[in-house]
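Structural features, examined
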Amino acid sequence: MQQKELAITLWRQTWPMAIGVLALLGFQLVDSAFIARLGTAPLAAQSFTFPLSFLIIGIQVGMGIAIAALISRALGAGEEARARRLSSLVLMAGGGVIGLLAIALWIFYVPIFQLLGADETTLSYIRIYWAPQLLSAWLGALLYFSYSVFRAHGDTRLPGKMMVLSSLVNLVLDPLLIFGIGDWEGGGLPGAAWATAIAFSVGLLVTTRKLLKRQWAAQQGLWQEAKQSWRPFTGIAAPAMVSQLMPPLAAMLAISVVAGLGESEVAAWGLASRLETLSLMVILAMTMSLPPWLGRCYGAGDWGQIQQLMTLAIKVALFWQLCLGIVLALGAPWLAMALAGNPDVQSELTLLIRFLLPSYAALGICMLVVSAGNALGWPLRAMLLSSARLFICYLPCLWLGSQFFGWWGLAAGAAVGNLLAGFMAWLVMRRILSRPHRQAGFIN
C-alpha cells in the first residue's frame, strides 16, 4: 500500500475509536467535575481511588492486548474457527480474573488507602463509594473484552458507537444520581459510580447481542483450545499485564507524594489525571486500532507495511498531541475554572495543565511503541520500556521536583519525565525497525 492509502486506512480505523474514547473519557472528566461540586473532600476521595481503578484497567488491558494479538494473528493465518474459540475464552476467563481482583480490593481497601495517605474523613467517603465503583469496574472490564474481540476482527466502529452510547447514558444519569431531581435527593459520591455501572451494563447488553449474532464466539472445543493457547497467551499477557500495571503502581507512588502537599493538591492532581486521559484520546484510539492491524501484518510476514505504519503513527501522534497541548496550555486558567470550583484547586490545576499537556506529545510516542511491541512479538521489550518510562524517567523527576520546588517542581518534573520517556521510546523503535531482516530473531 502507498503511504497515502495507509494514512486513509489508519484514519478509518482510528476515528471511530477516537470518538468513542473522547466520549468515554469525556464523561469521566465530567463525572469528576460533578463530584467537585460536592466539595474538595469527595473529589480528593475519588482521586485516591484512581490508582486502584487503574490497577484493574491495567490487568484487563493486558489480557485484552494478548487476546487481540492472538485473534488477529489467527485471522491473518486463516484460522477463523480458532479465533472464535479464543474469543469465548477471553470473555469467560477475563471476567473471572477481574471479579476475583475486585473482591480482593474490597476486602483490603482500608489498609490500602491508609497506606496511600487517606485520612479518616477521606476514608468515610471512600467507604460508601468503593463497592459500586468496583462493580462498575468489573462491568467495564467485560465490556472492554468484548471490544477487544471486535477490534481483532477489524471492526472499530461498533466499539466506538458503544463508547458513545454508554457515555451518553452516564451523562444523563450522573446529575440525577449524584444530586437528585425534584423532591428526591441524589446519592452524592456513590451516585457517580452507580451511573457508570448502569451505563456499562447497557453497553454490555448490546455488544453481547452483536457478538452472538456475528457468531464470533464458539461454544465447543474451548478446553482443548485453552490447553493449546495458554502458553502463547501467557507469553503475551504476562509481560503486557506487567507493563500495564506499571502505571497504576506509579500512580500510587505519585499520589502518595502529592498527598504530602495537601488536600487541594490531591484534588487538582485527580482532575489533571482525568484531563490527561482525555487529551490523549487520539493516542489511546491508535493503541486500540493499530495493534490488530499490526498483528495481521505480523501473521502475514509483511514487515514493510509494519515499518510504514509505525512511522506514520508516530508522526500523527507528535503533531496532533503537540498542537493540542499548546492550545490547552494557553487556555489553562479558563479550563481549570470550568473543572474546579475551589480557587486553590483552580490555581494548582492551571499549573499542571501548562506543564503537562504539551509534554504528552512525547508520552504518546512511548505509548504507541509499547502498544506495538505487544502486537509484534516483543512483549518483554515493551514491558521493560514501560517500566523504564515510569521508574527511571517519570517518578524520579516528579519526586525530585517536589522535594526541591514543591508543587511547581512536581509539575515540571513530571513534564521532564514524559519528554525523556518519549525520546527513549523513539530510539528503541528506530533501532528495531531499522533491521527488518530480523523478522523472527528479535521476538525477545
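Residues numbered from 1 in each chain as written. Predicted model: local features only at pLDDT ≥ 70, side-chain atom pairs only at ≥ 80, totals over all residues. Heavy atoms only, no water.

**Topic: the overall build of the chain**
In terms of helices and strands, the chain carries 14 helices and 2 strands. The buried share of the chain, reckoned over its 444 residues, is 57%. Residue pairs at least 24 apart in sequence account for 81% of intrachain contacts in the chain once pairs closer than 6 positions are excluded. Summed over its atoms, the accessible surface of the chain is roughly 18300 Å², and 67% of this surface lies on carbon and sulfur atoms. (Helix = DSSP H or I, 4+ residues; strand = E, 2+ residues; numbered from the N terminus. Buried < 20%, exposed > 50% of the residue type's maximum accessible area, 1.4 Å probe, protein only. Contact = heavy atoms within 4.5 Å. Areas by Shrake-Rupley, 256 points an atom, 1.4 Å probe, with all protein chains shown as cover.)

**Describing the packing of helix H2 (residues 40–76) against helix H5 (residues 120–152)**
Their axes nearest at 9 Å, the elements H2 and H5 cross at an angle of 15°. In terms of axis orientation, H2 runs roughly parallel to H5. Where H2 crosses over H5, the handedness of that crossing is right-handed. Across the contact of H2 with H5, the residue classes tally to 23 nonpolar, 10 polar and no charged. (Axes fitted to C-alpha atoms, helices over the stretch in contact; angles between N-to-C directions. Parallel < 35°, antiparallel > 145°, perpendicular 65-115°, else oblique. Left-handed = near helix turned anticlockwise from the far one by under 90°. Nonpolar A, V, L, I, M, F, W, Y, C, P; charged D, E, K, R; others polar.)

**A closer look at the nonpolar core**
Core analysis: the biggest nonpolar cluster contains 128 residues, and Phe113 and Trp269 have the highest contact counts within it. Among the elements that line this core, the one with the most residues is helix H14 (residues 379–433), at 17 residues. Both domains that meet at this core, namely domain 1 (1–220) and domain 2 (242–435), each give it at least three residues. Not counting residues within four places of it along the chain, the set of residues in contact with Trp269 comprises Ala254, Ile255, Val258, Leu352, Tyr394, Leu398, Trp407 and Leu410. (Core = buried A, V, L, I, M, F, W, Y, C linked by side-chain atoms within 4.5 Å. Domains from an automatic or database assignment.)

**Thoughts on the side chain of Gln60**
Assignment of secondary structure puts Gln60 in helix H2. Beyond its immediate stretch of four places on either side in the chain, Gln60 contacts Ile98, Ala137, Gly140, Ala141, Tyr144 and Phe145.

**Some details on a nonpolar patch on the surface**
There is a patch of nonpolar side chains on the surface, built from Leu100, Ile103, Trp106, Ile107 and Phe108 and spanning about 550 Å² of accessible area. Following the sequence through the fold, Ile107 ends up in helix H3 (residues 80–107). Given the relative accessible area of 54%, Ile107 is considered exposed. (Patch = residues over 30% accessible without salt bridge, like charges linked within 9 Å, V, L, I, M, F, W, Y side chains within 5 Å. Salt bridge = Lys/Arg side-chain N within 4 Å of Asp/Glu carboxyl O.)

**A few points about the confidence of the model for the chain**
Per-residue confidence for the chain gives a mean pLDDT of 80; residues scoring 70 or more make up 88%. Contacts for the low-pLDDT stretch residues 436–444, under 50 throughout, to residues beyond four places or in other chains number 17 contacts. (pLDDT = per-residue confidence, 0-100.)

**Considering the packing of aromatic side chains**
Counted according to the given criterion, the structure contains 7 aromatic pairs. Taking the centre distance of 5.6 Å and the plane angle of 75° together, the rings of Phe405 and Trp408 count as edge-to-face. Of the two residues, Phe405 and Trp408 both sit in helix H14, 3 residues apart, roughly one turn of that helix. Exposure remark for Phe405: the relative accessible area of 56% places this residue in the exposed category. The exposure class of Trp408 is partly exposed, given its relative accessible area of 45%. (Phe/Tyr/Trp six-rings, centres within 6.5 Å; stacked < 30°, edge-to-face > 60°.)

**A closer look at helix H7 (residues 189–213)**
The terminal C-alpha atoms of H7, which comprises 25 residues, lie 38 Å apart, in line with the 36 Å expected from a rise of 1.5 Å per residue. Directly beyond the C-terminal end of H7, a positive phi value near 55° is found at Gln215. (Expected span 1.5 Å × (residues − 1).)

**Some words on the environment of Phe48**
Looking at where Phe48 falls in the secondary structure, it is placed in helix H2. Linking Phe48 and Gly117, residues 69 residues apart in sequence, is a C-alpha distance of 8.6 Å. For Phe48, the residues in contact, after removing those within four places along its chain, are Phe113, Leu116, Gly117, Ala118, Thr122, Ile126, Ile255, Ala259 and Val266.

**Some words on the environment of Pro239**
Within the secondary structure, Pro239 sits in helix H8 (residues 222–259). The class for Pro239 is buried, based on a relative accessible area of 13%. The sequence separation of Pro239 and Met383 amounts to 144 residues, and the corresponding C-alpha distance is 5.6 Å. Contact partners of Pro239, with chain neighbours within four places excluded, come to Thr234, Pro379, Leu380 and Met383.

**Quick word on the packing of H2 against helix H4 (residues 109–116)**
In the contact formed by H2 and H4, the axes pass within 11 Å of each other and the chain directions differ by 115°. Taken as axis vectors, H2 and H4 run roughly perpendicular relative to one another. For H2 against H4, the interelement crossing comes out right-handed. Here Phe48, Thr49 and Leu52 of H2 lie close against H4, whose contacting residues are Ile112, Phe113 and Leu116. The residue makeup of the contact of H2 with H4, split by class, is 5 nonpolar, 1 polar and no charged.

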